[in-house]
Every structure is written in C-alpha cells, then in structure tokens.
Amino acid sequence: MSKVIDRNLVVGLDIGTSKISVAVGEITPDNQLSIVGVGNQPARGMDKGGVNDLNLVIQSIQRAINEAELMADCHISSVYLGISGKHISCQNENGMVPINDKEVIQEDVDNVIHTARSVPISAERRMLHVLPQEYSIDCQDGIKSPIGMSGVRMEAKVHIITCANDMAKNIVKCVERCDLSADQLIFSALASSYSVVTEDEKELGICVVDIGAGTMDISVFTGGALRHTAVIPVAGNQVTSDIAKIFRTPISHAEDIKVQYACALRHMVSMEESIEVPSVGGRPARSMSRHTLAEVVEPRYQELFELIQEELRESGLEDQIAAGYVLTGGTSKMEGVVEFAEEVFQMPVRVATPMDVCGLKEYVNDPTYATVVGLLHYGMQANEQQNNESSDGVKSIGARIVAWFKGEF
C-alpha cells in the first residue's frame, strides 16, 4: 500500500456486463494522467449493470486486479468504482439562500448546494452525485463561479443522480470481498464523459452514449453542465442474441461473428463475401453471406438509435445538442455505426477513445476503456480538490462539524 501513496496513484474499476476493466493511473508532477497498469477480464455473474452471482463477480474482479497490480507493480487497496443499471435516475433541483456577507464565500456556495440537494428521496435510494449547473445572484443568471460576487440572495440549479441502495450495496460488497475499498461510486456515463468529451462540446451541447453489452448509458451536456442522465437496459447483447437465434449458432460464436464480420449498414457489405458459421450440437459449420449478417444487425442498431432519440425527446433536450453525439463502449466499434447513426440522428456523430492520457496509452486506446479511464480522470480531480481543501484550510473544525451535521462531511 505504501507504494500507492508514494507514487500518487489512482485506480478505476469498471464492472460491466461483459467485461471487467481495471486501470491504474499515476498523477505525474506536471499533473498529467499516466497509465501504468491495465487489467481486463470477461465479466461473469453480471447482467445489465446488476450483480447476478456474487462469487463469480468477485472472482472476475480479483483476476482483473491481479493483472493490473502485476503490470503497474503496485498493491491496489482502493478504487473509484463505476455503477450503471436501469435503477439509475436523475432530477434537476433548485436551492436558494441569503448571502451572509457582502460577497459570496465558499460557505454560501456549500449552503446553497446543500439546500438544493435537500429534496426528499425514498429510503431505498442513494444519492450518487449532486452536480451544480449554474448559479444566479439577485437578477443575474447563468453564473458559473459565484465566489467573490456581491448580492443579497443566491440560487443554484443542480443535477442530482440517484441509484437503488441495494444495487449499490451489492456491487460495493463484491469490491470489499476482494479486500478493496470503494473511494466513491460514480455513474458510468458521467465517468465516460470525463475521458471522451471536450469542454467546447459540453458548452455547445453534446450527448454522450456509452453502448455496452447490457446497457446504454446516456449523459447530456449543454451550456457546460450536465442536464440529463439515463440508462436504457438494451444494448449489444441483443445484437448477439439475434445473430445466435437467426444463424442457429452458440452465443459465444455469435459474439465472435459480430465482432469480426458484422456491419451496421447492409449497403456497405458486398453480396459476394461469405463467412463460416459454427453450428450447435456438433453439426458441421455452414457458409453464410456477410450481407445476410448485416441484414440481421441493421434493424437492431436502428432500434438502439431510436431508443436513444426517444430518451432525448422526452428530456426536451434534442434541439440543444449542437455538437451532436459521441458514441463509446464496445458496441459502438462496429463498422458502419457512425454512418448509420448520422443517418438516424441527422446530427454529427463520432466514436470516441479516451483522451488526455500518457504512459501506456496504447493499452486503453479503445472505446471500451472510456469509462475506466474516465474514472481515473474523476479520481484525479477529486484528489486535487481534497489537496486544495487541506492546504487552504478552507473548512475550519467548526465548519466541518456543521457540514457533518448536514450530511456533507
């Protein structure tokens, strides 16, 4: 553990439906994120972001952690943990406080956020994130950083993300059984946005869609702030399942066929190309047209894109994402996905790999690592904030006690 402290390491753990990824990042003296270790294992015992079999998940996590420890030459004791699943929900809330002094200080900002987050939520739910969108002081709206400004009363708009307490407990339990502690639970789509989206895109309006095996995690940014989050419990496994049923081949072979040969748009595939399809029950393999495979895949991708579009329409933000869509996650890697998505959304679309990393970046240069690298960026910012608070002595003992009573400590 001493090595972790000496080297200023941060560790992300992404427990997905089909794979478990661990990434170890070292924060360099010039405040860069350097990848020093990666662990990757197929996930067993997970379904649509939820735990199905505790022991299988624990074994998969342990293997991925061991792999990352070996590569990074360190002992991992705590991780930033990604969470997803259809139990995730979001709401936008407001809070208002009088400004005590003549100008806004950090304590006023803490108070107004605390007021905004004091909405009643049911006992079976847990708050994951309270993210400030913007502040207004008296008549002036759209303030990003209110500290030092003068006024009488201040209002804050925040985005609150909650999850089911039991789901969170199960996933944390898996991590703790591997002798790790979870520094913080982070919603996967929020984590992904840290590694694949630029500040300009957030300002202009962007929709980040992490298309995994079991879920599609959505986060929508406009005006530089997070406005909407959602999880759609349909994703890449549906495509695999369709291939397995129509081609009558085992699920594992259907997954291989999808990864190697599938295309999301049938007109991009020639009629002549053929592929070998293994059969079930020991029957001989058959030869099938790759064009037929594309005909199976295309309607399913159309359905996935239409579900994303519907989610955005319901949120009322469809017209506000001028920068278009950023797709990431394993299911976004298929040939023809960008062209098909642009056709459906009538907007610019790009498939993104993690940005702003150095070190062993070739190991994570893939859309499937967007969440785990995003967790590292999130952890790095959290460490920075902690260091600033401790060095500035921002919170006196009295203020800490007050914050503790408010449930913020």
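Engineer: Whenever I open this one, helix H4 (residues 165-176) confuses me. Can you help?
Structural biologist: In an α-helix, one turn spans 3.6 residues, which is why side chains three or four residues apart end up on the same side. For H4, with 12 residues, the first-to-last C-alpha span of 16 Å sits near the 16 Å given by 1.5 Å per residue. Within the span of H4, buried status applies to Asn-165, Ala-168, Ile-171, Val-172, Cys-174 and Val-175.

Engineer: Sorry, what's going on with the pairing of strand S14 (residues 225-232) here?
Structural biologist: In regular strands, side chains alternate between the two faces of the sheet. Most of S14 sits out of view: eight of its eight residues are buried. Where strand S13 (residues 216-222) lies against S14, seven bridges are found, and the strand directions are antiparallel. Paired with Ile-218 across the two strands is Ala-230, which belongs to S14. Between S13 and S14, which pair antiparallel and follow one another directly, the connecting turn spans two residues, one of which, Gly-223, has a positive phi of 55°.

Engineer: Even after reading the chapter, I still don't get the pairing of strand S8 (residues 125-137), so can you show me in this structure?
Structural biologist: For S8 and strand S10 (residues 153-164), the ladder comprises 11 bridges, and the chain directions are antiparallel. Within S10, the position partnered with Glu-134 by the bridge is Lys-157. Here S8 runs beside strand S9 (residues 140-143); their pairing, made up of two bridges, is antiparallel. Bridge assignment links Ile-137 to a residue of S9, and that residue is Gln-140. Taking the residues that link successive antiparallel strands as the turn, the S8-S9 hairpin has two residues, and the phi of Asp-138 there is positive, at about 50°.

Engineer: Just checking my understanding: could you explain the confidence of the model for the protein chain for this structure?
Structural biologist: Interpreting fine coordinate detail is not advised for predicted regions of low pLDDT. Per-residue pLDDT for the protein chain has a mean of 88; in total, 94% of the residues score no lower than 70. With pLDDT under 50 throughout, residues 1-5 is counted as low confidence; its partners more than four residues away or in other chains account for six contacts.

Engineer: I'm lost on the packing of helix H9 (residues 290-315) against helix H10 (residues 337-345) in this one. Help?
Structural biologist: When two helices pack together, their arrangement is given by the angle between the helix axes and the distance between those axes. Their axes nearest at 10 Å, the elements H9 and H10 cross at an angle of 50°. Classed by the angle they form, the pair H9 and H10 counts as oblique. Seen from above, H9 lies across H10 with right-handed handedness. Contact residues: H9 offers Glu-298, Tyr-301, Gln-302, Phe-305, Ile-308 and Gln-309, while H10 offers Val-337, Phe-340, Ala-341, Val-344 and Phe-345. By residue class, the composition of the contact of H9 with H10 is eight nonpolar, two polar and one charged.

Cut-offs used in this document
The residue numbers shown here count from 1 along each chain, following its written sequence. Per-residue local features of the predicted model are confined to residues with pLDDT of at least 70, and side-chain atom pairs are confined, for both listing and counting, to 80 or more; whole-chain, interface and lining totals are unaffected and use all residues. Where side-chain values are given, they derive from all heavy atoms of the structure, hydrogens and water being excluded. We count a stretch as a helix when DSSP gives it H or I for four or more residues in a row; a strand needs E for two or more, and each element gets its number in order from the N terminus. Each residue after the first adds 1.5 Å to the expected span of a helix. Relative accessible area decides the class of each residue, using a 1.4 Å probe on protein chains only: under 20% of the type maximum gives buried, over 50% gives exposed, and in between gives partly exposed. Two strands qualify as a pair provided DSSP detects at least 2 bridges between them. Residue-level confidence of the predictor is what pLDDT reports, using numbers from 0 through 100. We call two residues in contact whenever any of their non-hydrogen atoms come within 4.5 Å of each other. Helix axes are fitted only over the stretch in contact, all axes being lines through C-alpha atoms; the angle between N-to-C directions runs from 0 to 180 degrees. Any angle from 65 to 115 degrees is called roughly perpendicular, while one under 35 is roughly parallel, one over 145 is roughly antiparallel, and all others are oblique. A clockwise turn of the near helix away from the far one marks a right-handed crossing, whereas an anticlockwise turn of less than a right angle marks a left-handed crossing. In this count, Pro and Cys sit with the nonpolar residues alongside Ala, Val, Leu, Ile, Met, Phe, Trp and Tyr, while Asp, Glu, Lys and Arg are called charged and the others, Gly among them, polar.

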